[in-house]
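Coordinates in review
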4 protein chains.
Amino acid sequence: MTPPTATAERPAPTSAGLGIDDVARLLVTGPDRPGIVATIASTLRDLGANIVSLDQYSTDAVDGEIFQRTEFHVPGLTAAQPRIEAAIAEVVGGLGLQWTLTRAAVPKRVAILASTTDHCLLDLLWRERRGELNMETKMVIANHPELADQVREFGVPYFHVPIDRAEGDAGKAAAEARHLELLRGNVDLVILARYMQIISPTFLEQVGAPVINIHHSFLPAFVGAGPYRKAKERGVKLIGATAHYVTEELDEGPIIEQDVVRVDHSHDLRELMRKGADVERTVLSRAVRAHCEDRVLRHGNATVVLGSG
Amino acid sequence: MTPPTATAERPAPTSAGLGIDDVARLLVTGPDRPGIVATIASTLRDLGANIVSLDQYSTDAVDGEIFQRTEFHVPGLTAAQPRIEAAIAEVVGGLGLQWTLTRAAVPKRVAILASTTDHCLLDLLWRERRGELNMETKMVIANHPELADQVREFGVPYFHVPIDRAEGDAGKAAAEARHLELLRGNVDLVILARYMQIISPTFLEQVGAPVINIHHSFLPAFVGAGPYRKAKERGVKLIGATAHYVTEELDEGPIIEQDVVRVDHSHDLRELMRKGADVERTVLSRAVRAHCEDRVLRHGNATVVLGSG
Amino acid sequence: MTPPTATAERPAPTSAGLGIDDVARLLVTGPDRPGIVATIASTLRDLGANIVSLDQYSTDAVDGEIFQRTEFHVPGLTAAQPRIEAAIAEVVGGLGLQWTLTRAAVPKRVAILASTTDHCLLDLLWRERRGELNMETKMVIANHPELADQVREFGVPYFHVPIDRAEGDAGKAAAEARHLELLRGNVDLVILARYMQIISPTFLEQVGAPVINIHHSFLPAFVGAGPYRKAKERGVKLIGATAHYVTEELDEGPIIEQDVVRVDHSHDLRELMRKGADVERTVLSRAVRAHCEDRVLRHGNATVVLGSG
Amino acid sequence: MTPPTATAERPAPTSAGLGIDDVARLLVTGPDRPGIVATIASTLRDLGANIVSLDQYSTDAVDGEIFQRTEFHVPGLTAAQPRIEAAIAEVVGGLGLQWTLTRAAVPKRVAILASTTDHCLLDLLWRERRGELNMETKMVIANHPELADQVREFGVPYFHVPIDRAEGDAGKAAAEARHLELLRGNVDLVILARYMQIISPTFLEQVGAPVINIHHSFLPAFVGAGPYRKAKERGVKLIGATAHYVTEELDEGPIIEQDVVRVDHSHDLRELMRKGADVERTVLSRAVRAHCEDRVLRHGNATVVLGSG
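Note that the structure is a prediction, hence the values are computed from the model and not measured. (Residues numbered from 1 in each chain as written. Chains lettered and ligands numbered in written order. Predicted model: local features only at pLDDT ≥ 70, side-chain atom pairs only at ≥ 80, totals over all residues.)

1. Regarding the overall build of chain A
When helices and strands are counted, chain A shows eight helices and 13 strands. Rg of the C-alpha trace for chain A: 22 Å, near the compact-globule value of 19 Å for 309 residues, within the 12% margin. Here the contacts in chain A between residues at least 6 apart in sequence split such that 66% fall between residues at least 24 apart. (Helix = DSSP H or I, 4+ residues; strand = E, 2+ residues; numbered from the N terminus. Rg over C-alpha atoms; globule rule 2.2 N^0.38 Å. Contact = placed C-beta atoms within 7 Å.)

2. A short note on the packing of helix 1 (residues 36-46) of chain A against helix 2 (residues 77-94) of chain A
Residue and element names in this part refer to chain A. Packing of helix 1 against helix 2 leaves a shortest axis separation of 10 Å and a crossing angle of 165°. For the element pair helix 1 / helix 2, the angle class is roughly antiparallel. Considering only the axes of helix 1 and helix 2, their crossing is right-handed. Each of Thr39, Ile40 and Thr43 in helix 1 lies in contact with helix 2, whose residues at this interface are Ala87, Ile88, Val91 and Val92. Partitioning the contact of helix 1 with helix 2 into residue classes produces five nonpolar, two polar and no charged. (Axes fitted to C-alpha atoms, helices over the stretch in contact; angles between N-to-C directions. Parallel < 35°, antiparallel > 145°, perpendicular 65-115°, else oblique. Left-handed = near helix turned anticlockwise from the far one by under 90°. Nonpolar A, V, L, I, M, F, W, Y, C, P; charged D, E, K, R; others polar.)

3. As for the environment of Asn301 of chain D
Tracing the backbone through its elements, the reader meets Asn301 of chain D in the loop between strand 12 (296-299) and strand 13 (302-305). Residues Asn301 of chain D and His267 of chain D, 34 residues apart in the sequence, show an inter-C-alpha distance of 34 Å. With near-sequence residues (within four places) excluded, Asn301 of chain D lies in contact with Gly235 of chain B together with Pro254 of chain D.

4. Here's the deal with unusual backbone geometry
Cis geometry is found at the peptide bond from Leu219 of chain B to Pro220 of chain B, where omega equals 5°. Positioned with a positive phi, Arg194 of chain C is a non-glycine residue whose angle comes to about 55°. Within the secondary structure, Arg194 of chain C is located in the loop between strand 8 (189-192) and helix 6 (201-207). For Arg194 of chain C, a count of 24 C-beta atoms within 10 Å translates into the label buried. With a phi angle near 60°, Phe222 of chain C is a residue other than glycine that sits in the positive phi range. Note that Phe222 of chain C resides in the loop between strand 9 (211-215) and helix 7 (227-234). For Phe222 of chain C, a count of 25 C-beta atoms within 10 Å translates into the label buried. (Buried ≥ 20, exposed ≤ 12 C-beta atoms within 10 Å, placed from the backbone.)

5. A few points about the sheet that holds strand 7 (residues 158-160) of chain C
Residues and elements named next belong to chain C. Pairing is mixed across the open sheet formed by seven strands, whose spatial order is 7-6-5-8-9-10-11. Each edge of the sheet is formed by a strand with only one pairing partner; in this case those strands are strand 7 and strand 11 (255-262). Adjacent strand axes in the sheet meet at a mean angle of 20°, parallel and antiparallel pairs treated alike. Against the sheet, helix 8 (residues 269-292) contacts strand 5 (108-114), strand 6 (135-142), strand 8, strand 9, strand 10 (238-245) and strand 11, and its axis sits at roughly 150° relative to strand 11. (Pairing = 2+ DSSP bridges.)

6. Quick look at the relation of the copies chain D and chain B
Both copies of the chain are related by a screw-like operation: a rotation about an axis and a shift along it. When chain D is brought onto chain B, the operation consists of a screw motion whose angular component is 180° and whose axial shift is 0.0 Å, with 0.0 Å RMSD remaining. Here the transformation between the copies is reduced to the relation of a two-fold axis. Among all residues of chain D, the one whose C-alpha sits closest to the rotation axis is Ala221 of chain D, at a distance of 2.2 Å. A shared binding surface is used by both copies, with 100% of the interface residues of chain D retained as interface residues in chain B. (Least-squares fit on C-alpha atoms with pLDDT ≥ 70 in both.)

7. Quick word on helix 2 of chain A
Residues and elements named next belong to chain A. Along its length, helix 2 shows its largest kink, about 30°, at Arg83. Every buried residue of helix 2 is accounted for by Leu77, Ile84, Ile88 and Val92. The elements touched by buried residues of helix 2 are strand 1 (23-31), helix 1 and strand 4 (98-103). Of the residues one or two after helix 2, Gly96 is the one with positive phi, at around 80°. (Bend = angle between axes of the 7 residues up to and from the residue.)

8. Section: the interface of chain D and chain B
The partner chain B presents 23 residues to the 23 residues of chain D that form the contact. Elements supplying a minimum of two residues to the side of chain D that touches chain B: strand 11 (255-262) and strand 13 of chain D. Here the residues of the side of chain D that touches chain B sort into 12 nonpolar, seven polar and four charged.

9. Things to note about the domain arrangement of chain A
All names here are of chain A. Parsing chain A into structural domains produces domain 1 (20-103) and domain 2 (108-305). A C-alpha centroid distance of 31 Å is found between domain 1 and domain 2. With seven residues of domain 1 at the interface, the matching set in domain 2 holds five residues. Counting only elements with at least two residues in the side of domain 1 that touches domain 2, the list comes to strand 1 and strand 3 (65-73). By residue number, the principal contributor to the side of domain 1 that touches domain 2 is strand 1, which donates three residues. Of the residues belonging to the side of domain 1 that touches domain 2, the class tally is three nonpolar, two polar and two charged. (Domains from an automatic or database assignment.)

10. Let's talk about the sheet that holds strand 7 (residues 158-160) of chain B
All names here are of chain B. The mixed open sheet is built from seven strands, whose spatial order is 7-6-5-8-9-10-11. Two strands in the sheet have a free side with no partner beyond their single neighbour: strand 7 and strand 11 (255-262). Looking at each pair of strands side by side, their axes are set apart by 20° on average, direction ignored. When strand 5 (residues 108-114) meets strand 8 (residues 189-192), the two strands line up parallel, connected through four bridges. Among the inter-strand pairings, Leu113 is bridged to a residue of strand 8, identified as Leu192.

11. Things to note about the nonpolar core
By size, the foremost hydrophobic cluster in this structure holds 351 residues, and its most contacted members are Ala193 of chain A, Ala193 of chain B, Ala193 of chain C together with Ala193 of chain D. The contact partners of Ala193 of chain B, leaving out residues within four places of it in the chain, are Ile112, Leu113, Ala114, Cys120, Leu121, Leu124, Ile214 and Leu284 of chain B. (Core = buried A, V, L, I, M, F, W, Y, C linked by C-beta atoms within 7 Å.)

12. A closer look at the environment of Gly168 of chain B
As for its position among the elements, Gly168 of chain B is in the loop between strand 7 and helix 5 (169-183). Using a count of 9 C-beta atoms within 10 Å as the deciding quantity, one classes Gly168 of chain B as exposed.

13. Concerning the confidence of the model for chain A
Residue and element names in this part refer to chain A. Summary statistics for chain A give a mean pLDDT of 91 and a share of 94% for residues scoring 70 or more. Contacts of residues 1-8 to residues separated by more than four positions or lying in other chains number 21 contacts, the stretch itself having pLDDT below 50. Within the model, the stretch residues 10-18 combines pLDDT values under 50 with nine contacts to residues more than four positions away or in other chains. As scored by the predictor, the complex reaches a pTM of 0.93 and an ipTM of 0.91. (pLDDT = per-residue confidence, 0-100.)

14. Observations concerning helix 3 (residues 119-130) of chain B
Residue and element names in this part refer to chain B. Taking 1.5 Å per residue as the helical rise, helix 3 with its 12 residues ought to reach 16 Å, and the 16 Å between its terminal C-alpha atoms agrees with that figure. A large share of helix 3 lies buried, amounting to 10 of its 12 residues. When we look at burial in helix 3, the residues that qualify are His119, Cys120, Leu121, Leu122, Asp123, Leu124, Leu125, Trp126, Arg127 and Glu128. Positive backbone phi, at 85°, marks Gly131, one or two positions downstream of helix 3. (Expected span 1.5 Å × (residues − 1).)

15. Brief notes about the pairing of strand 5 (residues 108-114) of chain A
Residue and element names in this part refer to chain A. In terms of residue burial, strand 5 counts as a mostly covered element, since six of its seven residues are buried. The sheet contact formed by strand 5 and strand 6 (residues 135-142) spans seven bridges and is parallel. Bridging across to strand 6, Arg109 finds its partner in Glu136. What joins strand 5 to strand 6 is helix 3 (residues 119-130), and the crossover it makes is right-handed. (Right-handed = clockwise from strand over helix to strand, strands pointing away.)

16. Remarks on the environment of Gln98 of chain B
Residues and elements named next belong to chain B. Topologically, Gln98 is positioned in strand 4 (residues 98-103). By C-beta crowding, Gln98 is classed as exposed, having 11 other C-beta atoms within 10 Å. Setting aside residues up to four positions removed in sequence, Gln98 forms contacts with Thr29 and Gly30.

Written out as structure tokens, the structure reads:
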């Protein structure tokens, strides 16, 4: 146990002094060339900004691609934002680079899709409540009713959108259409928290937000259904989980985070699933955290994850 | 995402076929000598039992101490228990060994002591609800009221026993007296889930159940209060957590489980505490799980943890 | 740095007192039934043996398969071995079980096959010299001459058996025939230490010893050639290695040990190979150690690894 | 095993195309203020340099300390170095910052001090030969003769400097004086590879190079001698190792790298030492690698380790 004075360990709120309201993040990608850092840094300095952190990765020293994340502090950010964006558009756009600017104080608006499994869903909601994730879950959508009470206790709306299996593909399409009505324009990120349905290309095209999935295996091992059963049959000594952006190719999207846990011959399927659930929720929450901190940049079918998690 | 057929991965209930009602666990410790395994195994066979698993550790090949855990299946265990205990008492006692017999189907009755921090407490209650821990939480006792609602949602009584700091030691003694009234005879295990109070020797003597604590450091590094602050100051590259049985010596009891997580210079105190919280709840739940499966035997001021977790 | 008294930490030789010469290991597999432990333990007791450790795993509580490893001490083992084997053959054979008996003091006779990569090969030789592996490397066979000097410094013969590529399959068959001449009857284990050749079914059939391979990926991800390149392309966040018994199916044999290491987007192919090499040598040495301690039992196309490594 | 085409995985030499000869590293520390990045980046651009990677850490967003490592490419670096250093001295010095400039192509000159234990020493020499460490070991100095042959096989001089224990402190001082004669001016880094002697403040003051030590515990647990014995007694479930810069305070210097490995009750002292040796050599080599890549900056009694290892 720990004596009472341990309460002295409680840290001061992050925003003390600085004001997270005034912190912005600039993501830049595109063809590398000499002088990019100097140009961007000078522009920010001239805008009155102080660079808090800067992470840069170039695929090659010459003729590579650049991935850069700059976090900077500028007093009165909200008012200054249009002016800043105009300056960046001119300078960074002028270098032929892609860019996005976000404000650290604005949480990502999130929808979570679930089925009947609770561990990933509840862990995200709990971490959000603790202030660990810079997001605001606007809704949970599930094709089953079981988790409604547990979700609503967190103050989050729960929409039950059943899939009419008797209708076959039409039932599935109808459910997706309902999803799109709920999601479009309302969220910045969709999270599949062990949502046991395949997402259609149409949905991905129309939803207007990135989709993160947690797959219950160490991809690319054991793609598709039943990975724990396959892992047991193959006799692996580690099982894992993979968080990735969803693309049209099943289980093939850009990987954001992975981890594994040791197992042995004595673990039956039930125990593999229990140990795997711990890895799944950890990996998914790390990936969501990185995404919500604007630390994940796509690079072809892979990701560049900048900064420390 | 995972296609619908993945539901085929759901395993059959453990008790199917076998009946966990008929599984018992025999723990044996004491001076080793030739023939112990043969004697115990023969006794069990003669009682109609089938050994499901047997783990044995001897400190030395000659003149060592033996630690043995045998899980066996015997039809009609409840009715047969007195007969089995009598036979074991005669045979195992005759060898000068200590022993305990438990029934796998009987969950440990547990009390959890907490303060205001929720992560360890909620994780235990959630794992119990999922069926991951062979325990039944009979009550949560806290010196603060904050977590009452969250605990009661799990159907568990929450007793708020404030400590009257104005009374000094007397206030603390009064609170412990109230704890003992609630606990004595009612629980098989007390868990300190980030309970920020020092436990008195009197309490330990009178509570009549083992007490497991989670300490927020990789003991014996950073004993006492404020371990994350100390870890930050010392510049360690890993932080950890330790679950141990509580003894009269603060932070010195037998260690059941430990783990660590990598950190770096960029993590401030708040982030160390966030990353540490994940290790704390993982380590505590593993220790509690091992204890509730009768896999932890004390060996002086250390533990022997048998079987696979 | 550590003060001089640290030399007090040097442990006494293992054999002090007990005599490893008198330790035997009995491996038993087959259909489980009640009474197996009692029967075996009683037999050993009647032979004057003391059980040092016993590990047992049953696939099911009823009608399962049993895997048991018993380490026991019996004075005058060498002389007593025929009598012990006769007793075990009668009792264990009578139960319809397979068994093998080995003497802990007898190291496995080993051949290592290599190409030009040194890390796995040198690590095994170095661990053997340190006394970490209960084996005696009788020869290294390589299809390249580069590592001859480094191997011979360890006092181990190095046979260079080039493969005549101009001869195609015939050249390969000729090399394998030469391997078999060197190996047959001379070794108990063949280790492929990054040996970059496919082994033929004929070789496996005729070599008369198990063959362990180290594959430079976390199988079953990235089977076949070029796993690091594939891992880089897929953008995985962990890379791994797998030690397995070689069977006729390429990269499909029973897995003995696996591990992984974290990588990120900034690691190029060269760095993946560097980090992977560390995992490869660790995983291979753990697998070889377990095999040489008779802790690995095959279970269909998987393994049961008993005891603690 | 892996089919022959796997040789296609061999990467092209790093220097192909770019020329590592033209890569420099600028380390900057000191009081943070707005505009530092812009000023340094502009200066480098004006010098014709292309920034390959830039890592920056500030202890606080306002009034903090800055730690920055910039790797840049400039054609004809060797000839240009005086001009570059003059420009940096003016600009960076003008900002009140400390700085150092190194050339990536120049390996650190290293001395390794050892006693009789081989695992850390041989691992470093082997990694250097493989090209994993940007260093050149100029000499090994040991107070015992045992490892001379193994070291000289790597083409490295081995100096045996025995300590005359009969002379007490004088004997120790005489040995250190001999060390200083060998080291001063000849090396950029001293590595204590399980060198079992306490280093005097005089030595540290006069040697003129940083000293890295590997301690065989997870500091600050088990400081001083006999950490494995202490770990066994305390019953920890993980053992570790710590690489740190040596300061006047024994085992208290800035930590560069740490790691742990899981152990259990069944591991005796010999096995703890075996498992610990693997962690020791891994941790030491990672620390040395980071140091030789100019990625380690001191921050009080801690370190800031920039970039990815």
